[in-house]
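Descriptive structure summary
Given next are the chains, with one letter for each unit.
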Amino acid sequence: MNVSTIKRFIALALAPSLVLYALFVFVPVIWSAYYSLFNWKGISEATFIGFQNYVELVQDDIFWRALKNNVVFVLASVLGQVPIALMLSIVLFKNNFFQRLLRTAVFMPMVLSTVVIGLIWSYIYHPQIGLLNFLLDFLKLGHLKLQWTSDANIAIYALIPPLIWSYVGLYLIIFISALQNIPNELNDAAKIDGATGLTKLVKITLPMIWGTIQVAIILCISGSLKSFDLVYIMTKGGPAHATELLATYMYNATFSTYRYGYGSTISTAIVIISLLLIGISQWLTNKPK
Amino acid sequence: MSKTILAQQQFRYKHTFQLKRIISYLAWILMIIYGMLTIYPLFWLMISAFKSNAQFFNEPFALPDQWNYSNFITAWTTSKMGRAFLNSTYVSLFALALTLFLSSLTSYVIARFSFKLKGATLLFFVIGMLIPIHSTLVPLFILMKQLKILNTHLALILPYTAFALPTAIFILTAYLREVPKEIEEAAYIDGASLWGVFFRIMLPISLPALSTVSILTFLHSWNDFSFALVFISKSTLKTLPLAVSNFADGFQVDYSLTLAAMTLSVVPTIIIYLLFQEQVMKGMTAGAVKG
C-alpha cells in the first residue's frame, strides 16, 4: 500500500466529521460573536452598532439576575448533589442485589427526558391539585402551603429539588466506580492498623477519591449551565424573570422579543462565562497539589 | 488485673459492635427512603395515567379505581403522539447511524495512523466539548434558516450528530488504541484494503464501545428538547419531548390524557435502561466525565 493511498484515506475519513462538527458546533460560536455587534430584529436589515449590546448587557438587571440564578444552581449542585451522592455511594458501592436495585432506582431519572421530569414536578408543586400541597393538608400542615413555582420569592429554590433529583444518580455512579478502584490492600492495611468507620472514611476513603470529587464539582459547574429545559418547562423563566437563567433569557430575548442581536450577545456571554468558570474551577482544584 | 482489662475490652468491643449495627441499620433505612423518593414520582406518573380526571383531582395518592387504558389510546390517536413517536424514532435512529459511521471512521484514523495534524485534530474535537450547547441555539437557528433546513428532520439529525461526535470519538479512540497492531498487520499482508480492514476488523472489534456510544447517542437524541423547540415548529415534524410539552400546554385541564402522553414517551427509554443498565451507566458517566 503506498503513501498516497493512505493519505487519501485519512483525508476522506476525517473530512465529513470535521465539516459537520465545525459547521454545527464551532461556526455558531463565531457567528454569535459577530451578530452580537448588530441590532437585528430577524427580518429587517441588521445595523452595525459596535459594542452597544454589551454596554446594554452589563446594565441589564435581568441579565445579572439570570447570572445569579445560574450561580444558585451551581451552589445547589455542589452542596446538594455531591454530598448526597457521596453518602449514597459509601453505602451502595458493593455489588449485591439490593444495592444494585437501589442504584438502578437512583440513576433512573438520568434516562428520562427533562420535559417529563419538569412536568412531573410541576404537578407536584401545583398550587391547587399538587401532590405537595395535598400532602401538607393531609398532615394538617395546611399553613405551610405555598404557591411553589408562582411565588417570585421562592420559585428559584423550588426548582432545586428536581435539579438534584435528576442528577444524583450520575454522581453516585461516578463515585461508586472510584470507590471500587481503591485497592483492597489499602482496606486490609487500614483494618490491621485498627482504622474503622469514620476514621477510615476521613483518612483513607475520602483522600483516595478526592480527584473524583474534584471532577464531580467541575461537572456540577458546567452541568448547571445546561439546565435550560427544566426551567423552560416549569416556569419559562417567570414569574417576572424570577427564575430566568442565562439560557432562558437568551431564548426569550431572541424568540419572544425578536432581538436576534441581543440574543447573540447573551449567547456569547454564556460561552465566555462558562469558559471562565471551567478555567477557575480547574485552577482552584489543581492548586493544593 | 489482666482479666479485668480483657473484660473491659470485650465490653467495649461488644458496645461498639452494637452501635455500629444501629448506625448501619439507620443508614439502610435512610437509603431505602431515598430510593423510594427517587422512584415515587415516576411510579405516581404511571399510576395516574390510568386514572379518570375526577379521581386524579380528588385522590392523587390512591391507586386507580378503574384502569382506563383508553387514556393511552386517546393520547396516541387524537393528539398526534403516534406521529411524534415515529418522528422521534426516525430522527434518533438516523442520527445514531450517522454518528456511529462518522465517529468510528474518525476514531480509526486517529487511533491507528500517524499523520501531521493528528494532535491538532484530536484537540479540535476536545475543545469543542467545552462549548455550552445552548449558546449555539440562536446562531444555529440563523444558520439553518439560511440553509433552508428549518422545519425538516435534517435540522435535528445534523446537530444531534455533530454534538454526539466528540464523546463518541473520545470513547472509540480510547478503545481502539488498546487493540494490538498485529491484527491489522496480518490483514494488510493478506492484501486487505484500508476500507476492508475498517469494515471487517475494526468495526467488529469495537462492538462493545460502539454499543456504549449507541445507547448514549440514542438517549440524547430521543430526550432532546431545546433543539426541537427552536428548530421545529411544524406539528407533523415534532418529536416526543416537544409534542408532550405542547400537549401539556394545550390540554391543561385534561390531566390524565397528558399523563398518558408523558408515560408513552418515557416507556422506551426505561425499557432500554432496564435492558442495558451497565452500558447506560458506563456511557453516561464516560460522556459526562470526558468534558
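What you are looking at is a predicted structure, and each value in this text was computed from that prediction instead of being measured.

Side note on the overall build of chain A
Across its full length, chain A carries 14 helices and 2 strands. A globule of 289 residues ought to have a C-alpha radius of gyration of about 19 Å, yet chain A, at 24 Å, is considerably larger. Based on the C-alpha atoms only, the size of chain A along its principal axes is roughly 80 × 75 × 35 Å. Residues counted as buried form 39% of the 289 residues belonging to chain A. Of the contacts made within chain A by residues no fewer than 6 positions apart, 70% connect residues no fewer than 24 positions apart.

Some details on the overall build of chain B
Secondary structure assignment for chain B yields 14 helices and 0 strands. Shown N-terminal to C-terminal, the secondary structure of chain B runs as helices and strands in the order α-α-α-α-α-α-α-α-α-α-α-α-α-α. Over its C-alpha trace chain B gives a radius of gyration of 26 Å, far above what one expects of a compact globule, namely 19 Å for 291 residues. Projected onto its principal axes, the C-alpha coordinates of chain B cover approximately 80 × 70 × 35 Å. Counting only residues that meet the buried cut, chain B has 43% of its 291 residues in that class.

A closer look at the environment of Trp64(A)
Residue and element names in this part refer to chain A. Turning to its location among the elements, Trp64 is positioned in helix H3 (residues 61-92). Trp64 gets classed as exposed once you count the C-beta atoms within 10 Å, which come to 12. Sequence separation of Trp64 and Lys94 is 30 residues, and the distance between their C-alpha atoms is 45 Å.

What to know about the domain arrangement of chain A
Examined at the domain level, chain A breaks down into domain 1 (1-27) and domain 2 (36-286). Taking only C-alpha atoms, the centre of domain 1 of chain A and the centre of domain 2 of chain A are 37 Å apart.

Considerations on unusual backbone geometry
Residue and element names in this part refer to chain A. Residues other than glycine seldom take positive phi values, yet His241 does so here, at roughly 65°. On the secondary structure map, His241 appears in the loop between helix H12 (229-234) and helix H13 (246-256). Note on His241: 18 C-beta atoms within 10 Å, which makes it partly exposed.

Quick notes on the interface of chain A and chain B
Each side of the interface is counted separately: chain A has 67 residues, and chain B has 66 residues. In terms of residue count, the dominant contributor to the side of chain A that touches chain B is helix H1 (residues 3-35) of chain A (17 residues).

Thoughts on the confidence of the model for chain B
All names here are of chain B. Per-residue confidence for chain B gives a mean pLDDT of 84, with 91% of residues at or over 70. When the elements of chain B are averaged for pLDDT, helix H2 (residues 53-58) gives the smallest value, 74, and helix H4 (residues 81-112) the largest, 92. Under the prediction, the complex receives an ipTM of 0.85, its pTM being 0.86.

A look at the domain arrangement of chain B
Structurally, chain B comprises domain 1 (2-48) and domain 2 (73-289). Here the C-alpha centre of domain 2 of chain B lies 42 Å away from the C-alpha centre of domain 1 of chain B.

Regarding the environment of Tyr249(A)
Residue and element names in this part refer to chain A. Checked against the element boundaries, Tyr249 lands in helix H13. Classification of Tyr249 by C-beta neighbours within 10 Å gives buried; the count is 25. Along the backbone, Tyr249 and Ile62 are 187 residues apart, and their C-alpha atoms lie at a distance of 8.0 Å. The residues contacting Tyr249, other than those within four sequence positions of it, are Ile62, Phe63, Ala66, Gly237, Glu244 and Ile266.

Looking at the environment of Ile47(B)
All names here are of chain B. Position of Ile47 among the secondary structure elements: in helix H1 (residues 2-48). Spatially, the C-alpha atoms of Ile47 and Leu259 are 9.2 Å apart, while their sequence positions differ by 212 residues. Discounting chain neighbours no more than four positions away, the residues touching Ile47 are Leu63 and Pro64.

Some thoughts on the nonpolar core
Ranked by size, the top nonpolar core spans 148 residues in total, and within it Tyr171(A) and Leu172(A) carry the most contacts. A per-element tally of this core places helix H7 (residues 154-177) of chain B first, with 15 residues. For Tyr171(A), the residues in contact, after removing those within four places along its chain, are Gln81(A), Val82(A), Ala85(A) and Ala216(A).

Observations concerning the packing of helix H3 (residues 70-78) of chain B against helix H13 (residues 255-275) of chain B
For any two helices packed against each other, the geometry comes down to the angle between their axes and how far apart the axes lie. Residues and elements named next belong to chain B. As a packed pair, H3 and H13 sit with axes 8 Å apart at the nearest point and diverge in direction by 75°. The angle between H3 and H13 places the two elements in the roughly perpendicular class. Where H3 abuts H13, its residues Asn71, Phe72, Thr74, Ala75 and Trp76 lie against Ser256, Leu257, Ala260, Ala261 and Leu264. Tallied by class, residues from the contact of H3 with H13 come to 7 nonpolar, 3 polar and no charged.

Looking at the packing of H1(A) against H7(B)
Direction vectors running N to C along H1(A) and H7(B) enclose 105°, while the axes themselves pass 9 Å from each other. By the criterion of interaxial angle, the relationship of H1(A) to H7(B) is roughly perpendicular. On H7(B), the residues that touch Ser17(A), Leu20(A), Tyr21(A), Phe24(A) and Val25(A) of H1(A) are Leu158(B), Pro159(B), Thr161(B), Ala162(B), Phe163(B) and Leu165(B).

The rules behind the values
Residues numbered from 1 in each chain as written. Chains lettered and ligands numbered in written order. Predicted model: local features only at pLDDT ≥ 70, side-chain atom pairs only at ≥ 80, totals over all residues. Helix = DSSP H or I, 4+ residues; strand = E, 2+ residues; numbered from the N terminus. Rg over C-alpha atoms; globule rule 2.2 N^0.38 Å. Buried ≥ 20, exposed ≤ 12 C-beta atoms within 10 Å, placed from the backbone. Contact = placed C-beta atoms within 7 Å. Domains from an automatic or database assignment. pLDDT = per-residue confidence, 0-100. Core = buried A, V, L, I, M, F, W, Y, C linked by C-beta atoms within 7 Å. Axes fitted to C-alpha atoms, helices over the stretch in contact; angles between N-to-C directions. Parallel < 35°, antiparallel > 145°, perpendicular 65-115°, else oblique. Nonpolar A, V, L, I, M, F, W, Y, C, P; charged D, E, K, R; others polar.

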